[in-house]
Amino acid sequence: QVQLVESGGGTVQAGGSLRLSCAPSRMIYNINDMGWYRQGPGEQREVVANIDRNSITNYADSVKGRFTISRDNAKNTVYLQMNSLKPEDTAVYYCRMRTFYNTNYWGKGTLVTISS
């Protein structure tokens, strides 16, 4: 069973930066889009950013101008560069990869904590 593994989470002060990475435990073929989601304390999971196979990106309004999603197709890896972090960005961040056959893979999440 393929699993996605996120890394790069941690605790930083407001205004700081973190870079998240996500890669599968083994190669996944025919990946279409990749994305990052987050779930804050007592909140529902929400989409943060998506990137398709042509590197067209979409962002939640709350992170536009601060977060950048990118991907390395050769490595099956997706990244999330997070700058100007705010306490409200505190959440567990999950990555997702979807194939052209609509198979979804999820990671178990990495905790990001922003202190004020």
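Keep in mind the model is a prediction, meaning the values are calculated, not measured. (Residues numbered from 1 in each chain as written. Predicted model: local features only at pLDDT ≥ 70, side-chain atom pairs only at ≥ 80, totals over all residues. Heavy atoms only, no water.)

(A) Up close: the state of the cysteines. Applying the stated criterion across every chain, the model contains 1 disulfide. At a sulfur-sulfur separation of 1.8 Å, the disulfide partner of Cys-22 is Cys-95. Across the S-S bond linking Cys-22 and Cys-95, the dihedral sits near 45°, which makes this disulfide right-handed. Placement of the pair is Cys-22 in strand 3 (residues 18-24) and Cys-95 in strand 9 (residues 91-99), with a sequence separation of 73 residues. With respect to class, Cys-22 is no different from Cys-95; both count as buried. (Disulfide = S-S within 2.5 Å. Helix = DSSP H or I, 4+ residues; strand = E, 2+ residues; numbered from the N terminus. Buried < 20%, exposed > 50% of the residue type's maximum accessible area, 1.4 Å probe, protein only.)

(B) Structural detail: the nonpolar core. In this structure, Trp-36, Val-78, Leu-80, Met-82 and Tyr-93 are the most contacted members of the largest nonpolar core, which totals 28 residues. Elements represented by at least two residues in this core include exactly strand 3, strand 4 (31-39), strand 5 (46-51), strand 7 (67-72), strand 8 (77-82), strand 9 and strand 11 (110-115). If near-sequence neighbours (up to four positions away) are discounted, Val-78 is found in contact with Leu-20, Ser-21, Cys-22, Met-34, Trp-36, Ile-51, Ile-69, Ser-70, Arg-71, Cys-95 and Met-97. (Core = buried A, V, L, I, M, F, W, Y, C linked by side-chain atoms within 4.5 Å. Contact = heavy atoms within 4.5 Å.)

(C) Structural view of the pairing of strand 9. Most of strand 9 sits out of view: 7 of its 9 residues are buried. Looking at chain direction, strand 4 and strand 9 are connected through 8 bridges and run antiparallel. Bridge assignment links Met-34 to a residue of strand 9, and that residue is Met-97. Inspection of the sheet shows strand 9 paired to strand 10 (residues 104-106) by 3 bridges, in the antiparallel sense. Along strand 10, the bridge assignment pairs Met-97 with Tyr-105. Here strand 9 hands over to strand 10 after 4 residues, with Asn-102 in that stretch at a positive phi of 65°. (Pairing = 2+ DSSP bridges.)

(D) Structural view of the packing of aromatic side chains. Within the structure shown, the criterion is met by 1 aromatic pair. Sitting over the face of the ring of Tyr-79, Arg-19 holds its NZ or CZ atom 4.1 Å from the ring centroid. (Phe/Tyr/Trp six-rings, centres within 6.5 Å; stacked < 30°, edge-to-face > 60°. Lys NZ or Arg CZ within 6 Å of the ring centre and 35° of its normal.)

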